[in-house]
Amino acid sequence: MVMVLVLVSLASVLSYALLSSQSMMTQASSNSYRAAQTDALAESGIQLASYYLQNPASAPVLNSDGYYPGQTGVSLGSAVEGTVDIVVTKIDNSTFDIASTSHYGTTSSSPLARSLGARASVQYAYLPSEAASVNGGLNVLSNTTINGTVRASGTVNLSLGSSVTGTIYAPSVTGNTAGLVGSVVTISTSGSNNPTPTTIRDYTTYTYNGQTYRAQLLPNGSKSGPTSNNPLGVYYATGDLTLAGNTVINGTLLVPNGKLIVKSSSITINAAAGMPGLIVKSDIAFSGTNRKLTVNGLSWVGGVLTKSGTTSGNTTTFNGAVLFASGTPVTSNYSGTVKINYDATKAAAAGFLPGQGTSASGVTIKTFTNK
């Protein structure tokens, strides 16, 4: 009997110890899960604030300075337990401090809280709201299609066979308006209505990921793009540049001291995000038959679209936006079609016009504080 009682007692002690250990393991596992959820909520608060700094139009609330100030009790959806408190403080025009405190669980279940901090740097870019801006008058010739707003500081003349889908801002509009799908707004010729200043940023040097790089001479060959020494693919030419072969440039083309002569059946420029596609100090001149130039990005043309020698059947396409620094930028001797399609995702360019960065093009977390 004594031995039986001893064995029963020992079995009871072992069973209790096993149950206690299992309960502790279950509690530890639950605590680990809850701690991970609390951490994830706090990190999500940092990411959410960063998103709203880059996309203020999507923010649920903006303060008087036009940026997202944060909120309390933010829910990340019905499938996510807990809430997060976010506070965004502006340090200077491009630097913001973000504080994020998460709350997971209820009073009865020993709630957890987690506080994280981050310093964010916002990169701003110039973003035109017009498909085409002209520092002077504009002749919209036949076989010209503009999808988006047009702004000119001189008279806009619409030819039969032209098409404009959008508002025209100009001192006056003349010609055949049959192809105008939109309205006309009369503006002054002075002050801020002048759309295209002649001084823009020099992209022969640029900063990327905190390092300074120099543009490279455009190499011979059919395709050019980013390299380790030129990560945004910025290329330039000295004097006039003639492109005779089919060419693809994944980056930016600069012709700062001459004109671009198009003698190819296919030239395509694909700008990197936040960079212009084409900057030409003088004219874009087409030479030959069925020549084609396509720019996917912001373009700035100091001269005009014209011809060089005998030419016909040409196509010029600007996807993004184009700024003409001189009046009457499409000359009557240009032979072919012109297509201008506004695309805000392609038109933004960081630092393009000094002091006119109006659109957040990116957010970088500079420091992260574990509180």
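What you are looking at is a predicted structure, and each value in this text was computed from that prediction instead of being measured. (Residues numbered from 1 in each chain as written. Predicted model: local features only at pLDDT ≥ 70, side-chain atom pairs only at ≥ 80, totals over all residues. Heavy atoms only, no water.)

1. Examining the overall build of the chain
- Within the chain one finds two helices and 31 strands.
- Burial statistics for the chain: of 371 residues in total, 40% are counted as buried.
- A separation of at least 24 residues holds for 47% of the contacts in the chain among residues at least 6 apart in sequence.
- Roughly 18000 Å² of accessible area belongs to the chain as shown, and the carbon and sulfur atoms make up 52% of that amount. (Helix = DSSP H or I, 4+ residues; strand = E, 2+ residues; numbered from the N terminus. Buried < 20%, exposed > 50% of the residue type's maximum accessible area, 1.4 Å probe, protein only. Contact = heavy atoms within 4.5 Å. Areas by Shrake-Rupley, 256 points an atom, 1.4 Å probe, with all protein chains shown as cover.)

2. A short note on the environment of Y334
- With respect to the element layout, Y334 can be found in the loop between β28 (314–324) and β29 (336–342).
- Classification of Y334 by relative accessible area gives buried; the value is 7%.
- Remark: the alpha-carbon pair of Y334 and G313, spanning 21 residues in sequence, is separated by 9.5 Å.
- If we ignore the near neighbours within four places in the chain, the residues touching Y334 are F286, L305, T306, N314, T315 and T316.
- Polar side-chain contacts of Y334 include one of 2.9 Å to the side chain of T316. (Polar contact = N/O pair within 3.5 Å; in protein donor to acceptor, adjacent residues only side chain to side chain.)

3. A short note on the packing of aromatic side chains
- Within this structure, the stated rule accounts for seven aromatic pairs.
- Consider the rings of F286 and Y334, whose centres lie 5.4 Å apart with planes at 75°: the pair is edge-to-face. One end of the pair, F286, is in strand β25 (residues 284–289); the other, Y334, is in the loop between β28 and β29, and 48 residues separate them in sequence.
- Residue F286 is classed as buried on the basis of its relative accessible area of 0%. (Phe/Tyr/Trp six-rings, centres within 6.5 Å; stacked < 30°, edge-to-face > 60°.)

4. Focus: the environment of N139
- Tracing the backbone shows N139 in strand β5 (residues 138–140).
- In this structure N139 touches N157, T328 and V330, once residues within four positions along its chain are discounted.

5. Remarks on the side chain of S264
- Position of S264 among the secondary structure elements: in the loop between β22 (260–262) and β23 (267–270).
- Look at S264 and you get buried, because its relative accessible area is 0%.
- A distance of 3.0 Å separates polar atoms of two side chains, one belonging to S264 and the other to N246.
- Not counting chain neighbours up to four residues away, the residues in contact with S264 comprise L243, A244, G245, N246, T247, N290, R291 and K292.

6. Focus: the sheet that holds β5
- The strand order β5-β8-β11 describes an open sheet built from three strands, whose pairing is parallel. Taken across any chain shown, the strands that pair with only one partner, and hence form the sheet edges, are β5 and β11 (173–175). The sheet shows a mean angle of 20° between the axes of neighbouring strands, direction not considered.
- The pairing of strand β8 (residues 156–158) with β11 spans three bridges and is parallel. Its bridge partner lying in β11, N157 is registered against T174. (Pairing = 2+ DSSP bridges. Axes fitted to C-alpha atoms, helices over the stretch in contact; angles between N-to-C directions.)

7. Describing the pairing of strand β2 (residues 95–104)
- The pairing of strand β1 (residues 83–92) with β2 spans nine bridges and is classified as antiparallel. Note that in β2 the partner of D92 across the bridge is T95.
- Hairpin remark: β1 followed by β2, antiparallel, with two residues in the connecting loop.
- The pairing of β2 with strand β3 (residues 112–126) spans 10 bridges and is antiparallel. Each residue of the ladder has a partner; that of T101, found in β3, is S115.

8. Section: unusual backbone geometry
- The backbone of N290 sits at a positive phi, close to 55°, despite the residue not being glycine.
- Mapped onto the fold, N290 is located in the loop between β25 and β26 (292–301).
- You can call N290 partly exposed: its relative accessible area is 47%.

9. Observations concerning the sheet that holds strand β19 (residues 241–243)
- Spatially, the four strands line up as an open sheet ordered β19-β22-β25-β27, and their pairing is parallel. Two strands close off the open sheet at either side, each with one partner strand: β19 and β27 (305–312). On average, each strand axis in the sheet is inclined to that of its neighbour by 20°, with strand direction left out of account.
- Judged from the three bridges that link them, β19 and β22 form a sheet pairing that is parallel. For T242, the partnering residue across the bridge sits in β22 and is I261.

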